Amino acid sequence: MVSSDKAYEEYVQATGFGLGQYKPQGRSIAYDSQQQGFTTRPTNAAWALGYIVTEEEIEDNLYEKIAKGRTRALAFSMLQAKEINAALIYNRAFTSGYVGGDGVVLCSTAHPNVSGGTYANTPTVASDLSEAALEQAAIDIMAWTNDRGLKIAVRPRKLIIPKELVFEADRILKTEGRTGTDLNDLNALKARGMIPEVVVNHYLTDTDAWFILTDVRDGLKYFERRGDAFEMDNDFDTENAKFKATARYSLGWTDPRCMYGSMGV
């Protein structure tokens, strides 16, 4: 979560430096410079909802009895809008047209590096959630480098799944031995604590897509321009009381290495 004080936020990526160089005795130090990377510009949007109470309802003392329930319902509707908008990051992760600052979708096999070359944060061939798929995902994640080609030792942090995969995830990650075999092999994912946390996201629309959040710091972003605000006023002509809730925010990502995902088969 990042506080925002503008109509939009602009993140301009800057690369690190190259590898430290051997310096022979008496020789000058080698100097390097950072490169400007990709620019991400999330635009804050306003979200609002309200309800009306008639003057007669207030006069007859009917509103007070149900006021708290209506306020809770309005707050819940605003929260649901935020949850659904946040889940769009996952639901559109493979969808053409919804791109980040580097010009490709969030989960892609062709993320460009600023200094050249590409990297992938999705398998070359989409795979369903399985022990083998998670092991390969962990290997792929740990092999990532930064934009200057230096290894950054990224680790998986959290598995994000739809409700349809909750039991499959438990079978894969919570058993002592490997799943689906009568051999006495160790469940390496569990033994190494490779996936520390599993979260069921009820707003995912693809029933077999799965995602791994990593420990890359500049990743998913929630920019809050204005938090949820609740107000009321009276309409002069109708004498109705109007109640509303508004908020202004945007959601996105600044570094695709924050996530590894597969759309399933």
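Here goes a summary of the coordinates provided. (Residues numbered from 1 in each chain as written. Predicted model: local features only at pLDDT ≥ 70, side-chain atom pairs only at ≥ 80, totals over all residues. Heavy atoms only, no water.)

Here helix α3 (residues 131-142) spans 17 Å end to end across twelve residues, near enough to the 16 Å set by a 1.5 Å rise per residue. Residues of α3 that are buried: E131, A133, L134, A137, A138 and I141. Projected down its long axis, α3 carries its buried residues within an arc of 165°, all on one side. Along its buried surface, α3 packs onto β7 (156-161), α4 (166-173), α5 (188-191), β9 (210-214) and β12 (259-262). (Helix = DSSP H or I, 4+ residues; strand = E, 2+ residues; numbered from the N terminus. Expected span 1.5 Å × (residues − 1). Buried < 20%, exposed > 50% of the residue type's maximum accessible area, 1.4 Å probe, protein only. Arc of directions from axis to C-beta. Contact = heavy atoms within 4.5 Å.)

Applying the stated rule across the entire model yields 14 salt bridges. Notably, a salt bridge pairs K82 with D228, separated by 3.6 Å at the nearest N-O pair. With K82 in helix α2 (residues 63-91) and D228 in strand β10 (residues 220-234), the pair connects residues that are 146 residues apart, well separated along the chain. A residue is classified by how much of its surface remains accessible, and D228, at 33% relative accessible area, is partly exposed. Residues K190 and E176 are paired through a salt bridge, measuring 3.8 Å at the closest nitrogen-oxygen approach. Separated by 14 residues along the polypeptide, K190 in helix α5 and E176 in the loop between α4 and α5 bring together distant segments of the chain. Among the charged side chains, a network of salt bridges with common partners joins D5, K6 and E9. (Salt bridge = Lys/Arg side-chain N within 4 Å of Asp/Glu carboxyl O.)

Take the sheet that holds β7 next. The four strands lie next to each other as β8-β7-β9-β12, forming an open sheet whose pairing is mixed. Strands at the two margins of the open sheet, each flanked by one partner only, are β8 (198-200) and β12. The average angle at which neighbouring strand axes cross in this sheet is 20°, direction not considered. Where β9 lies against β12, four bridges are found, and the strand directions are antiparallel. Opposite F211, over in β12, you have G261 as the bridge partner. Most of the contacts of α4 go to β7, to which it runs at about 145°, and overall it touches β7 and β8. (Pairing = 2+ DSSP bridges. Axes fitted to C-alpha atoms, helices over the stretch in contact; angles between N-to-C directions.)

Our focus in this paragraph is the nonpolar core. Within the largest apolar cluster, 22 residues are counted, with the highest numbers of intra-cluster contacts made by L129, L134, L159, W210 and I212. Broken down by element, the residue count for this core peaks at five residues, all from α3. With near-sequence residues (within four places) excluded, L129 lies in contact with L134, L159, I161, L165, E168, A169, I172 and W210. If you look at the next biggest cluster of nonpolar residues, it comprises 13 residues, including C107, A209, L213 and M259. (Core = buried A, V, L, I, M, F, W, Y, C linked by side-chain atoms within 4.5 Å.)

Which parts of space are left empty comes out when a probe the size of a water molecule is rolled across the atoms. Roughly 570 Å³ of volume is contained in the largest pocket. Taken together, 26 residues line the largest pocket, and the ones lying closest to its centre are A86, Y90, L213, L220 and L251. Within the residue set of the lining of the largest pocket, elements represented by two or more residues are α2, β7, β8, β9 and β10. Considering every element that reaches the lining of the largest pocket, the biggest residue donor is α2, with seven residues. Its residues placed into classes, the lining of the largest pocket shows 16 nonpolar, four polar and six charged. (1 Å grid on protein atoms, 1.4 Å probe; cavity = no way out; pocket = protein on both sides within 12 Å on 5 of 7 lines; lining within 4 Å. Points joined across faces, edges and corners; volume = space filled by probe spheres on them. Nonpolar A, V, L, I, M, F, W, Y, C, P; charged D, E, K, R; others polar.)

Applying the stated criterion across every chain, the model contains seven aromatic pairs. On the numbers, 5.1 Å between centres and 10° between planes, the contact of Y51 with F243 is stacked. Of this pair, Y51 sits in strand β4 (residues 45-53) while F243 sits in strand β11 (residues 241-253); the two residues are 192 residues apart in sequence, bridging distant segments of the chain. Its relative accessible area of 16% is what places Y51 among the buried residues. Judged by relative accessible area, which is 16%, F243 ranks as buried. Centre to centre, the rings of Y90 and F211 are 5.1 Å apart; their planes meet at 70°, and the pair counts as edge-to-face. Of the two residues, Y90 is situated in helix α2 and F211 in strand β9; the sequence distance between them amounts to 121 residues. The two residues Y90 and F211 agree in class, both being buried. (Phe/Tyr/Trp six-rings, centres within 6.5 Å; stacked < 30°, edge-to-face > 60°.)

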